[in-house]
Amino acid sequence: AQKITQTQPGMFVQEKEAVTLDCTYDTSDPSYGLFWYKQPSSGEMIFLIYQGSYDQQNATEGRYSLNFQKARKSANLVISASQLGDSAMYFCAMIPRTNDMRFGAGTRLTVKP
Amino acid sequence: DSGVTQTPKHLITATGQRVTLRCSPRSGDLSVYWYQQSLDQGLQFLIQYYNGEERAKGNILERFSAQQFPDLHSELNLSSLELGDSALYFCASSVSGARETQYFGPGTRLLVL
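Residues numbered from 1 in each chain as written. Chains lettered and ligands numbered in written order. Predicted model: local features only at pLDDT ≥ 70, side-chain atom pairs only at ≥ 80, totals over all residues. Heavy atoms only, no water.

1. Side note on the overall build of chain B
So, point 1. From N to C terminus, chain B includes 0 helices and 11 strands.
So, point 2. Counted from the first residue to the last, chain B has its helices and strands arranged as β-β-β-β-β-β-β-β-β-β-β.
So, point 3. Radius of gyration (C-alpha) of chain B: 13 Å, near the 13 Å computed for a compact globule of 113 residues.
So, point 4. Long-range pairs, those at least 24 residues apart, make up 55% of the contacts in chain B with a sequence separation of at least 6.
So, point 5. For chain B, the accessible area works out to roughly 5,400 Å², and carbon and sulfur atoms hold 48% of it.
So, point 6. Charged side chains in chain B number 9 positive and 11 negative. The centres of these two groups are separated by 3 Å. (Helix = DSSP H or I, 4+ residues; strand = E, 2+ residues; numbered from the N terminus. Rg over C-alpha atoms; globule rule 2.2 N^0.38 Å. Contact = heavy atoms within 4.5 Å. Areas by Shrake-Rupley, 256 points an atom, 1.4 Å probe, with all protein chains shown as cover. Lys, Arg positive; Asp, Glu negative; His and termini not counted. Charge placed at Lys NZ, Arg CZ, Asp CG, Glu CD.)

2. Remarks on the overall build of chain A
So, point 1. Helices and strands together make up the secondary structure of chain A, namely 0 helices and 12 strands.
So, point 2. What you see for chain A is a C-alpha radius of gyration of 13 Å, in line with the 13 Å of a compact globule of 113 residues.
So, point 3. When the 113 residues of chain A are sorted by exposure, 50% land in the buried category.
So, point 4. One way to put it: in chain A the 11 positive side-chain charges average out to a point 4 Å from where the 10 negative ones average out. (Buried < 20%, exposed > 50% of the residue type's maximum accessible area, 1.4 Å probe, protein only.)

3. Details of unusual backbone geometry
Most peptide bonds take the trans form, and the phi angle of most residues other than glycine is negative.
Residues and elements named next belong to chain B.
So, point 1. Here the bond from Thr7 into Pro8 is cis, since omega is -10°, no more than 30 degrees from zero.
So, point 2. With respect to the secondary-structure elements, Pro8 resides in the loop between strand 1 (5-7) and strand 2 (10-13).
So, point 3. At Ser80, a residue that is not glycine, the phi angle is positive and equals roughly 45°.
So, point 4. Among the secondary structure elements, Ser80 is positioned in the loop between strand 8 (74-78) and strand 9 (87-94).
So, point 5. Classification of Ser80 as partly exposed rests on a relative accessible area of 42%.

4. Topic: the interface of chain B and chain A
So, point 1. Listed as interface residues are 17 residues of chain B and, on the opposing side, 20 residues of chain A.
So, point 2. Carbon and sulfur atoms make up 58% of the area that chain B and chain A hide from each other, which totals about 1,500 Å².
So, point 3. Looking only at chain B, the three residues that lose the most surface to chain A are Leu43, Arg99 and Phe104 of chain B, adding up to 43% of its buried area.
So, point 4. At the boundary of chain B with chain A, the tally comes to 0 salt bridges.
So, point 5. Summed over the shared surface of chain B and chain A, the result is 5 residue pairs in polar contact (both at pLDDT 80 or more). (Buried area = accessible area lost by both parts, 1.4 Å probe. Salt bridge = Lys/Arg side-chain N within 4 Å of Asp/Glu carboxyl O. Polar contact = N/O pair within 3.5 Å; in protein donor to acceptor, adjacent residues only side chain to side chain.)

5. Observations regarding the nonpolar core
So, point 1. Within the largest apolar cluster, 25 residues are counted, with the highest numbers of intra-cluster contacts made by Leu21, Tyr25, Trp36, Ile49, Leu77, Tyr90 and Leu109 of chain A.
So, point 2. For this core, the secondary structure elements donating two or more residues are strand 2 (10-14), strand 3 (19-21), strand 5 (33-39), strand 6 (46-52), strand 8 (64-69), strand 9 (74-79), strand 10 (88-95) and strand 12 (107-112) of chain A.
So, point 3. Element by element, the count of residues in this core is highest for strand 10 of chain A, at 4 residues.
So, point 4. Beyond its immediate sequence surroundings of up to four residues, Tyr25 of chain A is in contact with Lys3, Ile4, Tyr32, Leu34, Phe68, Lys70, Lys73, Ser74, Ala75 and Met94 of chain A.
So, point 5. Residues Val19, Tyr49, Ile60 and Val112 of chain B belong to the second largest nonpolar core, which totals 20 residues. (Core = buried A, V, L, I, M, F, W, Y, C linked by side-chain atoms within 4.5 Å.)

6. Observations concerning the side chain of Ser53 of chain A
Residues and elements named next belong to chain A.
So, point 1. Examined against the element boundaries, Ser53 turns out to sit in the loop between strand 6 and strand 7 (60-61).
So, point 2. Residue classification places Ser53 among the buried residues on the basis of a relative accessible area of 3%.
So, point 3. A polar side-chain atom of Ser53 sits 3.1 Å from the main-chain carbonyl oxygen of Pro30.

7. What about the sheet that holds strand 8 of chain B?
Residue and element names in this part refer to chain B.
So, point 1. Spatially, 1-3-8-7 is the arrangement adopted by the 4 strands of the open sheet, whose pairing is antiparallel. The two strands at the open ends of the sheet, each matched to only one other strand, are strand 1 and strand 7 (64-68). Each strand axis lies, on average, 15° off the axis of its neighbour in the sheet, ignoring direction.
So, point 2. Strand direction decides the pairing type here: strand 3 (residues 19-24) and strand 8, joined by 5 bridges, are antiparallel. Across the sheet, the residue bridging to Cys23 is Ser74, located in strand 8. (Pairing = 2+ DSSP bridges. Axes fitted to C-alpha atoms, helices over the stretch in contact; angles between N-to-C directions.)

Take a look at the structure:
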């Protein structure tokens, strides 16, 4: 079964520190895409970063980077220099060959001043 | 603002009723996706359309149906509504419908009483 696991229901980080949000996935498809989305309390889903399964380099987008370890099937999100506005739910997602995107249960990140 | 629009923002209705949710994709995007986010089931993929044709199907109930029109907007029809259908319904869009970044609309919050 294609499954996404986020083992951290909640995380705290001090403002300006870096934080890693964990994500593991399970698929037998050789070609897939991995995503991270942010959902603030207002409810919208904001795209953060994308990693293709054949990409050799880890994806980066500003303060966000994706630590992609293919053999371990992990796709952790690293947020550097946390800001108060980073407080939100973060969802890891995978889109397999069948195009039905699967989401993890999410991690609630709280940034402390 | 992702460029994806959804109407209405909020909907309150009674059990047994039927509602229609509407989505307009980003300019240039040919594919639309529908997702349901509920407290007990998390984020679930419902269905994908590409240029008017159904492309992928997820956990969509038989009481639910969708379509994409020639102008590329999409509608999700929910009928014989039950209390458990109360959820946040998202529409997302992407350029070609392959394994690529999907941009989400603000969602329609449905409450079934």
